[in-house]
Amino acid sequence: MVLKLTGDLNKEVLIKSLKAIVKRHEILRTKIVTIDGVAHQEVLDVDFNLRIERINRSERYILNKIKEEVRKSFDFNNEVLFRGLLLELSEEGDKKQKGQKQQKGEYILILTFHHIIADGWSIGIFNRELSECYNSCCNDQIPKLEDLPVQYRDYSVWQRGWLQGEALDRQIAYWKEKLSEASTLTLPSKPRLKEQSYKGKYYEQRLSPEILNGLNKLAQESNVTLFMVLLASFKGMLSRVCNQTDIVIGTPIANRRISEIEQLIGFFVNTLVLRTDCSNNPTFEELIKRVERTSLEAYEHQDVPFEQLVDHLNIPRDLSRQPLFQVMFVLQNTVREETRLGNLRLNHVRTKEALSKFDLTLNAIETEEGLYIR
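Fair warning: this is a prediction, and the values are worked out from it, not measured in the lab. (Residues numbered from 1 in each chain as written. Predicted model: local features only at pLDDT ≥ 70, side-chain atom pairs only at ≥ 80, totals over all residues. Heavy atoms only, no water.)

Caption draft 1: Geometry of the packing of aromatic side chains. Taken as a whole, this structure holds 14 aromatic pairs when the rule is applied. Look at Tyr152 and Phe268: their rings are 5.1 Å apart centre to centre, the planes differ by 70°, and that puts the pair in the edge-to-face class. Taken as a pair, Tyr152 in helix α4 (residues 152-162) and Phe268 in the loop between β8 (246-253) and β9 (270-277) lie far apart in primary sequence, 116 residues in all. As far as burial versus exposure is concerned, Tyr152 and Phe268 are alike and both buried. Seen from their ring centres, Tyr155 and Trp158 are 5.8 Å apart, and the 35° between their planes marks the pair as tilted. Within this pair, Tyr155 and its partner Trp158 are both found in helix α4, separated by three residues, close to a single helical turn. Trp158 gets classed as partly exposed once you look at its relative accessible area, which sits at 42%. Here a set of aromatic residues connected by ring pairs shows up, and it is made of Tyr152, Tyr155, Trp158, Trp162 and Phe268. Between Arg83 and the ring centre of Phe74, over which it is positioned, the NZ or CZ distance is 4.3 Å. In this structure, Arg374 packs its charged tip against the face of Tyr202, placed 3.8 Å from the ring centre. (Phe/Tyr/Trp six-rings, centres within 6.5 Å; stacked < 30°, edge-to-face > 60°. Helix = DSSP H or I, 4+ residues; strand = E, 2+ residues; numbered from the N terminus. Buried < 20%, exposed > 50% of the residue type's maximum accessible area, 1.4 Å probe, protein only. Lys NZ or Arg CZ within 6 Å of the ring centre and 35° of its normal.)

Caption draft 2: View of the packing of helix α7 (residues 226-242) against helix α8 (residues 284-300). Viewed as axis vectors pointing N to C, α7 and α8 meet at an angle of 115°, and their least axial separation amounts to 9 Å. You can see that α7 and α8 cross each other, and the crossing is right-handed. Mapping the contact onto sequence places Phe227, Met228, Val229, Leu231, Ala232, Ser233, Lys235 and Gly236 in α7 and Phe284, Leu287, Ile288, Val291, Glu292, Ser295, Leu296 and Tyr299 in α8. Across the contact of α7 with α8, the residue classes tally to eleven nonpolar, three polar and two charged. (Axes fitted to C-alpha atoms, helices over the stretch in contact; angles between N-to-C directions. Left-handed = near helix turned anticlockwise from the far one by under 90°. Contact = heavy atoms within 4.5 Å. Nonpolar A, V, L, I, M, F, W, Y, C, P; charged D, E, K, R; others polar.)

Below is the structure:
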């Protein structure tokens with residue numbers, strides 16, 4: 001998460017707020033230690049250290065520094081998997097010409113979470129708590145945050161104990177039958193490399209509120225969700241472009257079905273594999289119904305971690321592609337938690353670098369301004 005802060009930043013309060021959140025959520029001060037090939041969580045009793053650097057205000061310097069920070073690997077055995085860097089922007093050489101108008105303070109706040117400790121839902125929680133802590137502390141008030149009933153490691157122990165025996169066998173049996181002899185989706189593209197490079201590009205488009213309203217109306221008339229209408233559209237397109245009828249794609253699911261973990265930072269999201277038969281030239285209405293059946297079945301069997309599913313299905317590993325699916329579809333329609341820090345003006349900073357874990361990923365974001373496609 002990269003934020004540009006403009007205005008009078010109280011750095012002491014910012015540091016105090018970040019430390020409070022790290023103290024509150026154990027996962028933000030957890031390192032992953034491997035013993036005899038098995039990974040274990042080790043929670044540390046440490047303070048959060050926000051590094052502060054003063055750099056030139058030049059856009060080139062800023063973007064290079066951001067890239068350097070987000071590309072830096074984590075040392076799993078020796079450090080926690082969350083770090084922060086505050087860049088204080090200055091004129092070159094810290095020299096201001098006489099009579100030059102003093103600029104407002106400008107900062108770049110870079111907060112880096114390893115994906116193993118946080119998901120998209122977690123970032124919303126973090127933003128909300130950072131806003132509450134910073135604004136309360138600036139007004140000499142105690143932040144209004146409810147006590148957490150459990151920590152992430154409590155959930156880990158519970159999940160490991162519950163997801164075994166009959167509960168695990170029942171879900172694995174479903175996926176073995178559902179994904180038996182599933183086809184590999186072959187997109188018309190350049191020859192595949194022997195190993196994935198993860199280099200990617202993105203294309204962005206916004207569909208108008210009128211189009212989004214039409215899609216929601218269609219979903220309502222079909223008694224399905226917007227997700228299912230968009231997924232059916234996407235799968236129908238892929239079937240024609242790839243000239244295939246067995247369409248397998250992946251999609252993330254929040255996987256927070258227990259109330260105690262709704263306000264907990266951690267990695268809960270799971271990946272579902274959705275396989276749809278597009279044979280016999282179905283009408284779009286019929287395709288929606290096929291997607292609906294597949295989706296509802298997958299939701300009922302969402303508890304098996306994707307990595308564990310790959311192991312149980314004995315998928316041969318191929319360094320040139322992801323196992324089980326090569327195309328991802330994501331719909332984001334939850335209210336985005338914006339960070340508000342006093343009177344500071346905040347802007348999200350986006351780097352121009354694009355990474356791609358799959359052959360193709362379609363992100364759809366539902367907003368009041370329409371449907372953003374990326």
